[in-house]
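Descriptive analysis of the structure
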Amino acid sequence: MMSVATPFTLLNQNLLLLPQKAIFWKEEQALMAADVHLGKVGHFRKAGIAVPRDMEQDDLAVLSDLIHEHRPQKIIFLGDLFHSDMNADWDWFKLWRQQFPKLQVILIRGNHDIVHDDHYLELNVELHHELTVGPFLMLHHPQTEEKLKELNGYVFCGHIHPGVSLRGKGRQSMTLPCFAFGKAQAILPSFGRFTGRVAIRSLETDRIFAVLKDKVMPIA
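In this text, all values refer to a predicted model and were calculated from it rather than measured experimentally. (Residues numbered from 1 in each chain as written. Predicted model: local features only at pLDDT ≥ 70, side-chain atom pairs only at ≥ 80, totals over all residues. Heavy atoms only, no water.)

**Describing unusual backbone geometry**
A positive phi angle is found at Asn12, which is not glycine, with a value near 65°. When you line up the elements, Asn12 lands in the loop between strand E1 (6-10) and strand E2 (13-18). Non-glycine residue His161 carries a positive phi angle of around 50°. The residue His161 is located in the loop between strand E10 (154-157) and strand E11 (162-167) in this model. Judged by relative accessible area, His161 falls into the buried class, the value being 13%. (Helix = DSSP H or I, 4+ residues; strand = E, 2+ residues; numbered from the N terminus. Buried < 20%, exposed > 50% of the residue type's maximum accessible area, 1.4 Å probe, protein only.)

Have a look at this one:
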């Protein structure tokens, strides 16, 4: 079944919310993704915990598919691109980067991004703690309402792996990953498959979009 993106306009910018848990920003020809957590599989396997080996390659394959489909000029990672210190999974990331030499790759450092700068710079990955692009301010951590008043630009961030809880008629419930757009801040779902999610509290004025397998659905 084909996946269907959901268009969303914010501050006169045209965004496509993708079921792959990323955003394509048309005006900037940019892909945005948060919390990929590459290296997490290698981190757990290193600790003797059995984890399927193909998870890393799957996430990188999804990124590759999105690049081939949308032809972005740049990709902006909103933190936690690589989960831990160097491990064998870095080689997969290196191979992936070499497939797209002309693609501008930008990383907003997250709390898990502890790999030394030299390794990123060797792969032509730009590093920032924050970055303003158009009307948006790219960060990793969500900001408090008080802090948002002090910042210039609408914030895009990740970190908390947001989810929305849905309840069925038979009292069954599930928590789906979601995009959460508030008055001054958007929180992206975690891109990586090997991550959990936390149901977030939202205001009535927030726009919440649940991510299903093949589509993104607005939640009233």
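**Structural notes on the pattern of salt bridges**
Throughout the structure, instances matching the rule amount to 4 salt bridges. Across the pair Lys94 and Glu122 runs a salt bridge whose closest N-O atoms are separated by 3.7 Å. One end of the pair, Lys94, is in helix H3 (residues 89-99); the other, Glu122, is in helix H4 (residues 117-122), with 28 residues separating them in the sequence. What makes Glu122 exposed here is its relative accessible area of 55%. Note that Lys147 and Glu150 form a salt bridge whose closest N and O atoms lie 3.7 Å from each other. Here Lys147 and its partner Glu150 are both found in helix H5 (residues 145-150), 3 residues apart, which amounts to about one turn of the helix. When its relative accessible area of 58% is taken as the criterion, Glu150 is described as exposed. (Salt bridge = Lys/Arg side-chain N within 4 Å of Asp/Glu carboxyl O.)

**Brief notes about the confidence of the model for the protein chain**
In this model, the protein chain carries a mean pLDDT of 85, and residues with pLDDT of at least 70 account for 80%. Scored below 50 in pLDDT, residues 42-51 makes 16 contacts in the model with residues more than four places away or belonging to other chains. (pLDDT = per-residue confidence, 0-100. Contact = heavy atoms within 4.5 Å.)

**With respect to the sheet that holds strand E3 (residues 22-25)**
With respect to topology, 7 strands assemble into an open sheet ordered E1-E2-E3-E4-E5-E6-E7, the strand pairing being mixed. Each having just a single partner strand, E1 and strand E7 (125-128) make up the two edges of the open sheet. For this sheet, the mean inter-axis angle between neighbouring strands, taken without regard to orientation, is 25°. Two elements, strand E5 (residues 74-77) and strand E6 (residues 104-108), share 4 bridges in a ladder whose sense is parallel. (Pairing = 2+ DSSP bridges. Axes fitted to C-alpha atoms, helices over the stretch in contact; angles between N-to-C directions.)

**What about the packing of aromatic side chains?**
Scanning the model with the defined rule gives 13 aromatic pairs in all. When the ring of Trp90 is compared with that of Phe93, the centres are 5.2 Å apart and the planes differ by 65°; the resulting orientation is edge-to-face. Placement of both Trp90 and Phe93 in helix H3 is noted, with a separation of 3 residues, approximately one turn of the helix. Here Trp90 matches Phe93 in class, with each residue buried. Between Phe93 and Trp96 the ring centres are 5.8 Å apart and the planes differ by 15°, which places this aromatic pair in the stacked class. With Phe93 and Trp96 both in helix H3 and 3 residues apart, the pair spans about one turn of that helix. Looking at Phe93, the relative accessible area reads 2%, which means it is buried. Judged by relative accessible area, which is 2%, Trp96 ranks as buried. (Phe/Tyr/Trp six-rings, centres within 6.5 Å; stacked < 30°, edge-to-face > 60°.)

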